[in-house]
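A structural walkthrough
Each chain is listed here by its residues.
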Amino acid sequence: MAKATFEVPELSQYPEVPALVSETMAHSAPFVSRTEFQEPLGFPGELVEDWQAKALDKMGELLGKYRGLRVYLDSCVKCGSCTDKCHYYLGTKDPKNMPVGRQDLMRKVYRRYFTLAGRFFPKLVGAADFTKEVLDEWYSYYHQCSQCRRCSVFCPYGIDTAEISMAAREIMDSIGVGQKYCNEIISKVYKIGNNLGLPGPALMDTLEGLEEDVYDETGVRVRYPIDQVGAEILLVTPSADFFAEPHVDGLIGYGKVLHEAGVSWTLSSHASEAANFGMFIGSYENMRRVAQRIREAAIQLKVKRIVFGECGHAWRVAYSFLNTLAGPWDFLDPRYPVPQHICEFTYDLIQKGKLTFDKGENDDKVLTYHDSCNVARASRMGDTPGGQFEIPRAIIKAVCNHYYDMDEETIRDRTFCCGGGGGLLTDDLMELRVKGAKPRVEALNNVMQEKGVTHMAAICAICKSQFTKVLPYYGMEMDQIVSLHQLVSNAIVLTPGPEDEEADEEPDDKDDEAEGDED
Ligand code: SF4
Ligand code: SF4
């Protein structure tokens with residue numbers, strides 16, 4: 001079991017709403033971004049002198065620009081429906097981690113400066129001055145929201161706390177108070193092309209290594225091409241897929257599926273990142289700059305289609321906003337959706353009977369599936385409502401013999417966030433991540449006890465990284481989290497290409513020659 005410097009919550013068999021313990025997470029705040037990571041994103045390097053006036057200006061601008069923000073701040077009736085729905089509240093007991101508590105941190109400032117009642121009778125309407133203490137509180141608790149949108153499913157008014165968190169982060173960035181983890185990563189995308197700062201030659205080495213590994217294991221030459229001009233498909237995938245476990249096993253799986261599909265495809269060193277952290281910091285401009293790289297790569301490589309790999313928030317940005325951020329995509333083949341998810345691609349081939357599987361290859365596992373929050377509540381897949389829930393499950397069932405869902409209250413649109421989404425996947429927030437993972441780990445533990453589940457599949461790079469890190473805190477193994485396409489990779493029966501057949505013939509020819517020599 002991983003050692004913790006904080007109390008790891010105990011898992012229970014039934015969901016429990018914890019008694020409130022005020023300010024238990026008031027100490028939690030991520031490292032503040034430095035000037036070198038602020039300025040490339042267009043933000044001041046440090047807290048500006050007249051920060052309060054500038055922050056209120058920015059808030060006014062956002063209230064005018066995003067009508068939903070004003071509606072959310074105006075319409076809460078304090079019904080309490082959302083109070084026990086946030087995984088961070090359930091794991092930390094801190095009332096400011098109740099969605100309504102989190103919203104109120106902004107609502108009290110909004111009321112003070114943007115409503116008549118708040119200007120004249122602040123105490124009567126819960127309005128408060130925007131002091132440095134309030135700003136510090138914002139920094140702490142708006143970095144305890146993974147923008148997962150679970151609370152909005154249960155709010156009768158549909159109030160989306162994720163939108164309020166994004167606005168708060170945008171306001172803080174505009175006065176020089178950014179978060180190091182997110183802003184450093186976006187800087188790396190601008191400078192090098194991906195979140196991990198992997199340069200083109202390192203990517204090429206990795207992909208060559210993968211080709212050799214797959215050939216050694218299967219005897220089939222599966223290609224993992226990069227920067228191939230004229231390929232039909234551009235695959236955009238999270239950079240974690242290039243090297244980390246279990247992500248890379250997913251990438252191996254995509255390559256095998258694309259091999260069986262018989263289409264030409266390529267990765268891009270220019271757009272070697274599907275993730276778009278611009279969304280986490282609420283910055284449209286940065287989200288747009290990151291997304292533009294995909295357009296540039298698609299044009300440069302003259303591709304006809306774009307397919308996204310397994311990444312939850314990347315799929316949200318791609319599915320919901322890619323057209324406005326980087327479109328129009330009129331130069332792509334109109335017969336295919338722009339963009340397409342790798343799960344849609346694989347599922348389509350399964351439907352058409354074009355893939356052959358040996359499900360027994362996954363018989364050492366009993367599977368369950370974690371719906372990643374951004375896929376579940378902020379996007380869709382396929383042509384039917386709920387495709388984002390059914391398509392991944394249908395793929396798993398096509399490649400595995402043993403599958404069980406977790407408790408209905410914790411999956412599909414009610415799924416719990418992994419605890420590391422929304423730009424919180426950083427070691428300086430480990431306590432929050434472990435505690436926030438509790439509801440999901442609890443549901444996993446229950447299905448392990450009741451059904452003998454051994455592994456949980458996911459289609460999000462952040463979920464996979466988060467579970468790899470936090471499962472050991474709960475006495476589980478880090479490799480219990482797997483990529484969905486890792487399961488596909490295990491079971492898929494590969495068809496040898498012409499070059500494999502030639503290679504097969506070579507040893508026989510040599511044998512013949514050798515026999516001839518002996519004669
Ligand atoms: S969006 Fe998710 S993390 Fe944020 S308050 Fe709502 S439930 Fe909690
Ligand atoms: S469920 Fe909606 S209306 Fe009710 S307290 Fe929560 S945010 Fe307010």
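Counting from 1, residues in each chain are numbered in the order their sequence is written. Lettering for chains starts from A, numbering for ligands starts from 1, and both go in the order in which the items are written. pLDDT decides what is reported in this predicted model: residues at 70 or higher carry local features, side-chain atom pairs at 80 or more are listed and counted, and totals for whole chains, interfaces and linings draw on all residues regardless. Heavy atoms from the whole structure form the basis of all side-chain values; hydrogens and water molecules are not counted.

As a further point, take the site of ligand 2. Put simply, a residue is near a molecule or strand once any heavy atom of it comes within 4 Å of that molecule or strand. Close to ligand 2 lie 13 residues; Cys-76, Cys-79, Cys-82, Gln-103 and Cys-155 are nearest. In terms of residue class, the shell around ligand 2 is made up of nine nonpolar, three polar and one charged. In this count, Pro and Cys sit with the nonpolar residues alongside Ala, Val, Leu, Ile, Met, Phe, Trp and Tyr, while Asp, Glu, Lys and Arg are called charged and the others, Gly among them, polar.

Moving on, we get to a nonpolar patch on the surface. Within this analysis, patches are made of residues with over 30% relative accessible area and no salt bridge. Like charges are joined at 9 Å or less; nonpolar side chains (Val, Leu, Ile, Met, Phe, Trp, Tyr) at 5 Å or less. We get accessible surface area from the Shrake-Rupley algorithm with a probe of 1.4 Å; when it comes to residues, only the shown protein chains can shield them. One side-chain nitrogen of Lys or Arg within 4 Å of one carboxyl oxygen of Asp or Glu is enough to make a salt bridge. On the surface, a cluster of nonpolar side chains totalling about 530 Å² of accessible area is made up of Leu-116, Phe-120, Phe-121 and Leu-124. Secondary structure elements are defined from DSSP: runs of H or I of at least 4 residues count as helices, runs of E of at least 2 residues count as strands, and each element is numbered from the N terminus. Here Phe-120 shows up in helix α6 (residues 116-120).

Right, let's talk about the pairing of strand β3 (residues 305-308) for a bit. A two-sided burial pattern is seen for β3, the buried positions comprising Arg-305 and Val-307 on one face and Ile-306 and Phe-308 on the other. When strand β1 (residues 233-236) meets β3, the two strands line up parallel, connected through four bridges. Along β3, the bridge assignment pairs Leu-234 with Ile-306. Pairing geometry for β3 and strand β4 (residues 340-341), over two bridges, is parallel. The residue of β4 that forms the bridge with Val-307 is Gln-340. With the strands pointing away from the viewer, any crossover whose connection runs clockwise from the first strand over the helix to the second is right-handed. Viewed along the sheet, the connection from β3 through helix α14 (residues 312-326) into β4 turns out right-handed. Partly exposed residues are those whose accessible area sits between 20% and 50% of the maximum for their type, while under 20% is buried and over 50% is exposed, using a 1.4 Å probe and protein chains only. Any two strands with at least two DSSP bridges between them are considered paired.

This paragraph deals with the domain arrangement of the protein chain. If you check the domain split of the protein chain, you get domain 1 (35-185) and domain 2 (192-404 + 453-516). Each domain's extent is set by a domain assignment, obtained either automatically or from a database. Each of domain 1 and domain 2 was reduced to a C-alpha centroid, and the two centroids are 35 Å apart. Taken together, the 18 residues of domain 1 in the interface contact 15 residues of domain 2. Two parts lose some accessible area (1.4 Å probe) when they are put together, and adding that loss for both gives the buried area. Both sides together, the interface formed by domain 1 and domain 2 hides about 1,400 Å², and carbon and sulfur atoms give 53% of it. Taken together, the connections running from domain 1 to domain 2 amount to zero salt bridges. N or O atoms closer than or at 3.5 Å make up a polar contact, with two conditions inside protein: a donor-capable atom paired with an acceptor-capable one, and, for residues adjacent in sequence, both atoms drawn from side chains. At the boundary of domain 1 with domain 2, the tally comes to six residue pairs in polar contact (both at pLDDT 80 or more). Any two residues having at least one pair of non-hydrogen atoms within 4.5 Å are treated as being in contact.

The next thing to look at is the side chain of Lys-365. For Lys-365, the location among the structural elements is in the loop between α15 (342-351) and β5 (367-369). By relative accessible area, Lys-365 is classed as buried at 8%. Within the structure, Lys-365 has its side chain in polar contact with the side chain of Asp-364 (distance 3.4 Å). When neighbours within four sequence positions are excluded, Lys-365 is seen to be in contact with His-402, Thr-454, His-455, Leu-487 and Asn-490.

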